[in-house]
Amino acid sequence: MMGALELVGESRCFGGRQLRFAHRAASLDCDMHFAVYLPPQAESEPVPVLYWLSGLTCNDENFTTKAGAQRYASAHGVALVAPDTSPRGEGVPDDPEGAWDFGLGAGFYVNATNAPWSAHYRMYDYVLEDLPAALAGLPLDTSRAAISGHSMGGHGALVIALRNPGRFRSVSAFAPICSPTRCPWGEKALGNYLGDDRAAWESYDSTCLIRLAGEHLPMLVDQGEADGFLAEQLRPELLREAAQEAGYPLTLRMQPDYDHSYYFISTFIGEHIAFHASHL
Ligand SMILES: N[C@@H](CCC(=O)N[C@@H](CSC=O)C(=O)NCC(=O)O)C(=O)O
């Protein structure tokens, strides 16, 4: 045990340590796991942090085992922190039909206000409050933080960065759900978690938030052109349009032939970590 944290996994990786922790999350009212990669530089000084938010169906281990990010985090001296994607455990409700795009593995990084979801589904608060607090005993400088994610997690990273000026020095995303108020995955999630009032949904839509942003963060988005979810669910053109109208400096790169998978993420994760490291 490390304070309220229980160390449940540890492996040497690129000279650093890949760790997995269990802890009690007050905002979610359940026990959670999260992953931390500590680069070798953390042996001698506190290192900056890149938070990674994963997509639908993931837990904290998809990114850790499939993205190949540790090689680059080690080279740049950046820690990687990857939470799960929803509350977990007995008593946490799931999609009534067991669908993979809602409920367990699909918390959408919102604070649910609608029963029965509101009792546990508060992933927005979890990422901003419980998770940084849980890192307190580790050799991290959490005042130097960046955030990134994939798909549902790309949406989460953009929303959390845009809503919290001063908390992050840069933000990036792979194939983010750019406007959850205007795609089937988002409409299902926000309708259930937040209820029917669509005005409330806008505080979780990066195309709305970017128009209100008081701070311009360095923002990098990669999107594969062969991504099967591109046209219906992800809609990067809406983010590009909103950024242009708001004068927000977005770098959106369309990557020919890449799909939605971790093959795409592993191809470009080194560039994202270098981008964040240059701002940390
Ligand atoms: N199970 C689904 C596919 C679900 C999927 O593609 N999930 C993506 C994120 S999608 C948006 O948030 C993912 O990251 N999956 C985990 C992985 O390790 O690849 C299906 O059967 O189509």
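What you are looking at is a predicted structure, and each value in this text was computed from that prediction instead of being measured.

Definitions and limits used
- Residues numbered from 1 in each chain as written.
- Predicted model: local features only at pLDDT ≥ 70, side-chain atom pairs only at ≥ 80, totals over all residues.
- Core = buried A, V, L, I, M, F, W, Y, C linked by C-beta atoms within 7 Å.
- Buried ≥ 20, exposed ≤ 12 C-beta atoms within 10 Å, placed from the backbone.
- Helix = DSSP H or I, 4+ residues; strand = E, 2+ residues; numbered from the N terminus.
- pLDDT = per-residue confidence, 0-100.
- Near = placed C-beta within 6 Å.
- Nonpolar A, V, L, I, M, F, W, Y, C, P; charged D, E, K, R; others polar.
- UniProt positions renumbered as here; feature names shortened; annotations may be inferred.
- Contact = placed C-beta atoms within 7 Å.

Chemist: How do you make sense of the nonpolar core when you look at a structure like this?
Modeler: Across soluble globular proteins, nonpolar side chains show a tendency to be buried alongside one another. Val 36, Ala 79, Leu 80 and Val 81 are the most contacted members of the largest nonpolar core, which has 88 residues in total. Counting residues per element, this core draws most heavily on helix 4 (residues 152–163), which supplies seven residues.

Chemist: Explain unusual backbone geometry here, please?
Modeler: One can expect most non-glycine residues to show negative phi and most peptide bonds to be in trans. Of note, the bond from Ala 115 into Pro 116 is cis; its omega dihedral lies within 30 degrees of zero at 0°. Following the sequence through the fold, Pro 116 ends up in the loop between strand 5 (79–83) and helix 3 (123–134). Its identity is not glycine, yet Thr 57 carries a phi of approximately 80°, on the positive side. In this fold, Thr 57 is placed in the loop between strand 4 (47–53) and helix 1 (61–66).

Chemist: When you look at the confidence of the model for the protein in this model, what are you seeing that I'm missing?
Modeler: Detailed reading of the predicted coordinates is not advisable wherever pLDDT falls low. Of the residues in the protein, 99% have a pLDDT of 70 or more, and the chain-wide mean is 97. The ipTM for the predicted assembly is 0.96, set against a pTM of 0.97.

Chemist: Where do I start with the site of the ligand in this structure?
Modeler: Near the ligand, the surroundings consist of 13 residues, among which Gly 55, Leu 56, Asn 62, Ser 151 and Met 152 are the closest. Of the residues contributing to the shell around the ligand, the split by class is five nonpolar, seven polar and one charged.

Chemist: Whenever I open this one, the UniProt feature "active site" (unreviewed entry) in the protein confuses me. Can you help?
Modeler: Per the UniProt entry, the sites bearing "active site" (unreviewed entry) are Ser 151, Asp 227 and His 260 in this numbering. These annotated residues cover 110 residues of sequence, and their C-alpha atoms lie no more than 10.8 Å from one another, placing them together at a single site. In this structure, Ser 151 sits in the loop between strand 6 (140–149) and helix 4. Overall, the presence of 25 C-beta atoms within 10 Å leaves Ser 151 in the buried class. Ignoring anything within four residues of it in the chain, the contact list for Ser 151 reads Gly 55, Leu 56, Ala 175, Pro 176, Ile 177 and His 260. By the element assignment, His 260 lies in the loop between strand 9 (250–255) and helix 10 (262–277). Assessed through the 21 C-beta atoms surrounding it within 10 Å, His 260 is described here as buried.

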